[in-house]
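Architecture at a glance
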Amino acid sequence: LPLRTVLRAFRDIFVIAPPGLDERVQTIMSYLTTKYAFNSYKTYVARAGRVQFIEINIEVSADFAIQRIEKLDQIRQEIADSLEHDYRDNWLTISFTADKKWL
């Protein structure tokens with residue numbers, strides 16, 4: 001078997017993120033953390049088979065202004081658009097919390 005195929009299979013077995021995807025997520029979240037004044041965030045990126053899993057947990061301050069839930073959906077959409085995320089073969093979860101323990 002070609003070495004490249006074997007290495008790809010091991011990455012899938014051990015649920016290792018595809019090269020570059022984690023860096024892309026970090027770059028996007030660093031920018032949005034400044035733009036929206038998030039306190040912090042934590043990301044988890046993995047791949048299992050053909051599916052990529054991206055989980056982003058965002059800590060906001062207790063006084064983070066949310067007049068409507070659509071605002072959070074807008075931020076989620078902005079993240080998804082920045083990732084050029086294909087929802088059919090990927091799993092994207094984005095949550096917001098004011099309590100650091102949920103990161």
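Please read all numbers here as calculations on a predicted model, not as lab measurements.

Counted under the stated rule, the structure contains four salt bridges. The residue arginine 76 makes a salt bridge to aspartate 73 at a minimum N-O spacing of 3.0 Å. With arginine 76 and aspartate 73 both in helix α3 (residues 69–83) and three residues apart, this pair spans about one turn of that helix.

The next point concerns the packing of aromatic side chains. One pass over the full model with this rule turns up four aromatic pairs. Between tyrosine 36 and phenylalanine 38 the ring centres are 5.7 Å apart and the planes differ by 20 degrees, which places this aromatic pair in the stacked class. For tyrosine 36, a relative accessible area of 13% corresponds to the buried category. Taken together, Tyr36, Phe38, Phe64 and Phe96 form an aromatic cluster joined through their ring pairs.

Cut-offs applied
Residues numbered from 1 in each chain as written. Predicted model: local features only at pLDDT ≥ 70, side-chain atom pairs only at ≥ 80, totals over all residues. Heavy atoms only, no water. Salt bridge = Lys/Arg side-chain N within 4 Å of Asp/Glu carboxyl O. Helix = DSSP H or I, 4+ residues; strand = E, 2+ residues; numbered from the N terminus. Phe/Tyr/Trp six-rings, centres within 6.5 Å; stacked < 30°, edge-to-face > 60°. Buried < 20%, exposed > 50% of the residue type's maximum accessible area, 1.4 Å probe, protein only.

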